[in-house]
Amino acid sequence: MTAPRHDFDLVFDNVQIALEGRTLLALDARIAPGEVLTVMGPSGSGKSTLLAFAAGFLSAAFTARGRVLLNGREITALPAERRGIGLLFQDPLLFPHLSVAGNLRFGLPRAAPARTERVEAALADIGLAGFGERDPATLSGGQQSRVALMRLLLSAPRAVLLDEPFSKLDTALRCEIRELVFARLREAGLPSLLVTHDRVDAEAAGGRVVTLA
């Protein structure tokens, strides 16, 4: 199943985030279609805070300046659900009360045509044909990560935020899932922001790296 190609860019226009008057981070960058910008730094440096700002759920304890633009449209003040941004976290966060197919259907817009066929095609695409009725808890960690990625892509985001999505996988599996995720993001032309403390993740992403103090 080939993901639809987009040509959106994600721009952080002179973004500064502070806590109790102390500046945590500053970022001024454009992420091109299909590019992954990596932000690295130790715990407490503001990596996850930057993601929260971009996604639209920054805590009121923080003060933020600057703008976030997606495809030239400012989204800074929009609620999270209207930003068109998808997220991948450390945990796959599959819904335990839904089957594997149900999790994928959740990602599809309600008005999407041929929902059943698209879910079946998506499962086949990630090597899980016939797994639709399985309980997500019966899947391996790598299989859950594949379902989480496909659910994200089916939701048709315009940009993606990656919050250390490989950190809980073992070394061999991390390499496999990392390659899959970055390949699919490039294929879909999605501008993506990765936060990580792992230099290998940054190298695999293949884009620019911003290091926070």
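None of the values given here were measured: they were computed from a predicted structure.

> Explanation requested: the packing of aromatic side chains in the structure shown.
Working definition: an aromatic ring pair is given by the centre-to-centre distance plus the angle between the planes. For the coordinates displayed, the defined rule picks out 2 aromatic pairs. Summarising the aromatic geometry, the rings of F95 and F106 are spaced 4.7 Å apart at their centres and angled 65° between planes, so their arrangement reads as edge-to-face. One end of the pair, F95, is in the loop between β6 (85-88) and α2 (100-107); the other, F106, is in helix α2, with 11 residues separating them in the sequence. F95 gets classed as partly exposed once you look at its relative accessible area, which sits at 26%. A relative accessible area of 56% means that F106 is categorised as exposed. Plain terms: the ring middles of F166 and F182 are 5.6 Å apart, the flat faces sit at 80° to each other, and that makes the pair edge-to-face. Placement of the pair is F166 in the loop between β7 (159-163) and α5 (171-188) and F182 in helix α5, with a sequence separation of 16 residues.

> Hey, could you run me through the sheet that holds strand β1 (residues 10-19) in this one?
Note: strands within a sheet are paired through backbone hydrogen bonds, in either parallel or antiparallel orientation. Spatial ordering of the open sheet is given by β2-β1-β4-β5, a layout of 4 strands whose pairing is antiparallel. Only two strands of the sheet have a single partner each, and these edge strands are β2 (22-31) and β5 (73-74).

> It is not clear to me how the environment of D170 should be interpreted in this structure. Could you clarify?
Summarising the element assignment, D170 is placed in the loop between β7 and α5. In sequence terms D170 and V160 are 10 residues apart; their C-alpha atoms lie 23 Å from each other.

> Hey, could you run me through the side chain of D9 in this one?
With respect to the helices and strands, D9 occurs in the segment before β1. Within the structure, D9 has its side chain in polar contact with the side chain of R30 (distance 2.8 Å). Apart from residues no more than four positions distant in its own chain, D9 is found in contact with R30, I31, A32, P33, L69, L70, N71, G72 and P191.

> Whenever I open this one, the nonpolar core confuses me. Can you help?
Side chains of a nonpolar character, in soluble globular proteins, are inclined to be buried together. Counting 36 residues, the largest nonpolar core has L104, V147, L162, V181 and F182 as the members making the most contacts within it. Elements that contribute at least two residues to this core include exactly α2, α3 (115-125), α4 (141-154), β7 and α5. With residues up to four places along the chain from it excluded, the contact list for V147 reads L94, V100, N103, L104, I126, L128 and L139. Judged by nonpolar contacts, the second largest core, of 26 residues, contains F8, L25, A29 and I85.

> Even after reading the chapter, I still don't get the sheet that holds β7, so can you show me in this structure?
Reading across from one edge, β6-β7-β8-β3-β9 is the order of the 5 strands in this open sheet, with parallel pairing throughout. Looking at the sheet topology across the chains shown, the edges are occupied by β6 and β9 (209-211). Neighbour to neighbour, the strand axes of the sheet diverge by 20° on average, direction disregarded. In the packing of helix α1 (residues 47-55) onto the sheet, contacts are made with β3 (36-40), β6, β7 and β8 (192-196), and the angle to β7 comes to roughly 155°. With respect to the sheet, α5 is in contact with β3, β6, β7 and β8, its orientation differing from that of β7 by roughly 165°.

> How should the pairing of β3 be read in this particular structure?
Two faces belong to every sheet, and in a regular strand the side chains alternate between them. Of all 5 residues that make up β3, 5 are buried, and the element is covered over most of its length. On β3, burial covers both faces: V36, T38 and M40 on one face and L37 and V39 on the other are all buried. Pairing analysis gives 5 bridges linking β3 to β8, with the strands arranged parallel. Counterpart to T38 in the pairing with β8 is L194. Inspection of the sheet shows β3 paired to β9 by 3 bridges, in the parallel sense. Bridge pairing links M40 to T211 in β9.

Rules used in this analysis
- Residues numbered from 1 in each chain as written.
- Predicted model: local features only at pLDDT ≥ 70, side-chain atom pairs only at ≥ 80, totals over all residues.
- Heavy atoms only, no water.
- Phe/Tyr/Trp six-rings, centres within 6.5 Å; stacked < 30°, edge-to-face > 60°.
- Helix = DSSP H or I, 4+ residues; strand = E, 2+ residues; numbered from the N terminus.
- Buried < 20%, exposed > 50% of the residue type's maximum accessible area, 1.4 Å probe, protein only.
- Pairing = 2+ DSSP bridges.
- Polar contact = N/O pair within 3.5 Å; in protein donor to acceptor, adjacent residues only side chain to side chain.
- Contact = heavy atoms within 4.5 Å.
- Core = buried A, V, L, I, M, F, W, Y, C linked by side-chain atoms within 4.5 Å.
- Axes fitted to C-alpha atoms, helices over the stretch in contact; angles between N-to-C directions.

By themselves, these are just geometric observations and shouldn't be taken as functional.
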